[in-house]
Structures are given as structure tokens and as C-alpha cells.
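Coordinate inspection notes
Each chain, letter by letter, is given below.
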Amino acid sequence: MTDKGSIRIVNTVKEMQSLTNSMRNEGRAISFVPTMGALHEGHLSLMRAAKEKGDFVVVSIFVNPTQFGPNEDFEKYTRDLEGDLKKIEEIGIGAVFFPDVNEIYPDGHETYVEVEKLQKPLCGEFRPGHFKGVATVVLKLFNIVKPDIAVFGEKDYQQLQIIKKMARDLHLEIEIVGMPIIREEDGLALSSRNAYLSLEERKRALALSKSLGEIKRSFNEGNKDSSQLVELGIKILKESQIEDIDYLEIRDGKTLETKELAKPGDVVAVAARLENTRLIDNTKL
Ligand code: PAF
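Below is a short write-up of the structure. (Residues numbered from 1 in each chain as written. Predicted model: local features only at pLDDT ≥ 70, side-chain atom pairs only at ≥ 80, totals over all residues. Heavy atoms only, no water.)

1. Notes on the site of the ligand
Our working definition: Here a residue is near a molecule or strand as soon as one of its heavy atoms is found within 4 Å of it. Residues adjacent in sequence count toward polar contacts only when both atoms are side-chain atoms; beyond that, a polar contact is any pair of N or O atoms within 3.5 Å, and within protein one must be able to donate a hydrogen and the other to accept it. The accessible surface values rely on the Shrake-Rupley method and a 1.4 Å probe; as for residues, cover is taken only from the protein chains in view. Here a strand is any run of E in DSSP of at least two residues, a helix any run of H or I of at least four, and the numbering for each starts at the N terminus. When residues are grouped by polarity, Ala, Val, Leu, Ile, Met, Phe, Trp, Tyr, Cys and Pro land in nonpolar, Asp, Glu, Lys and Arg in charged, and all others, Gly among them, in polar.
Taken together, the neighbourhood of the ligand is formed by P34, T35, M36, N64, Q67, V137, V138, F152, D156 and Q159. Between the ligand and Q67 there is a distance of 2.6 Å, counted from an oxygen atom to a side-chain nitrogen or oxygen. Contacts to the ligand include Q159, whose side-chain N or O atom sits 2.7 Å from an oxygen atom. Protein contacts shield 90% of the accessible area of the ligand, which totals 280 Å² for the unbound molecule. Put simply, the parts of the chain that give the shell around the ligand at least two residues each are β3 (30-35) and α6 (130-145). Grouping the amino acids of the shell around the ligand by side-chain chemistry returns five nonpolar, four polar and one charged.

Written out as C-alpha cells, the structure reads:
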């Protein structure tokens, strides 16, 4: 365990478990924000919410290899502990858990968690194995930190539903809290991957939030036909030369089942690639 400024950095599972065990014995409510680092205002909003909801906040920074496919950006993913710590020092974090890959996946590790149905559509179709990696690491982190409350962003909408379902199915005594997407002034959803965009791609990327906004506008004006609404969104993406669209779909907000007729509470979710950068976004109807 080391102290960087006012933040305690914990590297091992044993130390993390004993720190939160002793906090719990003192009667403190532990709130937890799992991250992969490359922190931005979206992550900070999760930490502020965690601070309000609990008395001891743990943030994990761990780029989890099992949620990346073979041709994805695991190697390239931004790793900048010093920069991340600077961004969060104002918030008043109790501890940052910053383990090594071997600490989380020691030799011979072979146990995984899958949320069978929810992991299949949307990102699951285009990133096979991704949610198996997410659910596994999140359950591991939960077992290490043993939080009372865990806070996740709604930008990874499917991930949030999967974690909520895992918590219900496995009887975890953890309150899972989802927090709204934080956007730039022009509408772009904050993401660690925005850093990969060139200036020109950054401009075109605005079409994602614009297409969601137009779908919502049309829905509010009375158009409930999912395929028409989706068509409208795709047209907007294509106008910005976004052709590599993994999906733009309207699904039930909880079960993620497809809908012919959209209703309030459904989610409109999009994933598209600009050159090598894959971006996701969503909105609720
Ligand atoms: O959302 C993320 O940053 C990651 O998927 C998570 C939840 C930290 C698991 O690695």
C-alpha cells in the first residue's frame, strides 16, 4: 500500500480486502466505482455520486484483458495513473485499487461468469466474449472490495443492465446505481476512446448524439414505428459519412428485447466505427 498525495493506492487483493473489512467493521458504508482509468468528467461524476451515497469510496483502475477481443485496443488503451490521480484528488477518494493483471488473473484462473441472454445482442454480437469478461471482472472486484453500493455510467447501457441482472441473479447484497451520460457541450458523449479521434472524426462523431436526438424528437411527435425511427437515425449517421454501423436499435429498456412499436422507457442504442475508433451512445425514449 502506498500514499500518493492524499490518495491511498492499494495493489494487492489481500490488502484491499483487509482495508474494506476494517472500514466495514467501523460501520462505514463502502461505495465503489470500477474503472479502467483514462478518467474523464463522466467517471468523476460517478465518483461524486459514490461519495454522496457512501462514507468510504473505493475506485478501481484496471484495464481488464478478458473484456477485449484479439483485434481490439487492449494494448493501446490509455494508461496514465499519475494523470488519473491528479483528476480525482479533489473528490476525496478513500482508496484506489490498482492491481496487476496477475493479481486478478493468477496462473490457472478458469472461472467465468456469463449473463446468458442479456450478453447476446447489441455490443455482445459485435464483441464476442466482451460481457463475459466484464461480468467476471466486476464480480471479482465486488468480492475484493465488498461494497454496499456500486456506481456505473449509463453510457455503457447494456453493461449496466448486465451488472444489475448479475447482482439480482447471484443474490449480491450490493445496490447498483446507474448515473446519466455526461456530454460535451455539443452533445458528444464523454468516452476514454474519444481521445483516439482526429479533429475531423471528432466532428463527424457528433452524428451519433444527433441521430439519437432526432429519433427521440420524432418519437415525441408521435412516430412509434421502430423501423422508421431507426431509418431516420441511420440517415443522419450516413450524412456524416458514418457507414460502419454495428447497430442502431430500439430495445426494451430492461430486457433489451427488440420492439416493433417503441414506447417510453425503451432505449435507443448505437455503436459505430470511425476508422479504428468504435463509439457507443444511447438515449431513453
Ligand atoms: O466500464 C468500464 O470501464 C469497464 O467495463 C469496467 C466496468 C470497469 C469493467 O472492467
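Structure shown, so let's carry the discussion forward.
2. A short note on the environment of K155
Rule in force here: A contact between two residues is defined here by any heavy atoms of the two lying within 4.5 Å.
For K155, the position within the fold is in the loop between β6 (149-153) and α7 (157-169). Considering only alpha carbons, one finds K155 and M179, 24 residues apart in sequence, at a separation of 8.6 Å. Residue contacts for K155: discarding those within four places in its chain leaves I181, A189, L190, S191, I280 and N282.

3. Side note on the pairing of strand β9 (residues 267-274)
Here is the rule we go by: Each residue's exposure class comes from its accessible area (1.4 Å probe, protein chains only) as a fraction of the maximum for that residue type: buried when under 20%, exposed when over 50%, partly exposed otherwise. For two strands to pair, DSSP has to find at least two bridges joining them.
With seven of eight residues buried, β9 lies mostly within the body of the structure. When strand β8 (residues 244-251) meets β9, the two strands line up antiparallel, connected through seven bridges. Its bridge partner lying in β9, R251 is registered against V267. Two successive antiparallel strands, β9 and strand β10 (residues 277-284), enclose a turn made up of two residues, where E275 displays a positive phi of approximately 55 degrees.

4. Considerations on the nonpolar core
Definition in use: We call a set of buried Ala, Val, Leu, Ile, Met, Phe, Trp, Tyr and Cys residues a nonpolar core when their side-chain atoms join them within 4.5 Å.
Judged by nonpolar contacts, the single largest core of 45 residues is most densely connected at M16, F97, F142 and I176. Secondary structure elements with two or more residues in this core: α1 (13-25), β3, β4 (56-61), β5 (95-97), α6, β6, α7 and β9. Residues within four places of M16 in sequence aside, it is in contact with V10, V58, A95, F97, I144 and V145. A207, F219, V230 and L237 belong to the second-largest nonpolar core, a separate cluster that totals 23 residues.

5. So, helix α9 (residues 206-220)
Applied cut-off: By this rule the span expected of a helix is its residue count minus one, scaled by 1.5 Å.
In this model, α9 (15 residues) spans 21 Å end to end at C-alpha, consistent with the 21 Å of a helix rising 1.5 Å per residue. Every buried residue of α9 is accounted for by A207, L208, S209, S211, L212, I215, S218 and F219. Remark: G222 follows α9 within two positions and exhibits a positive phi of approximately 115 degrees.

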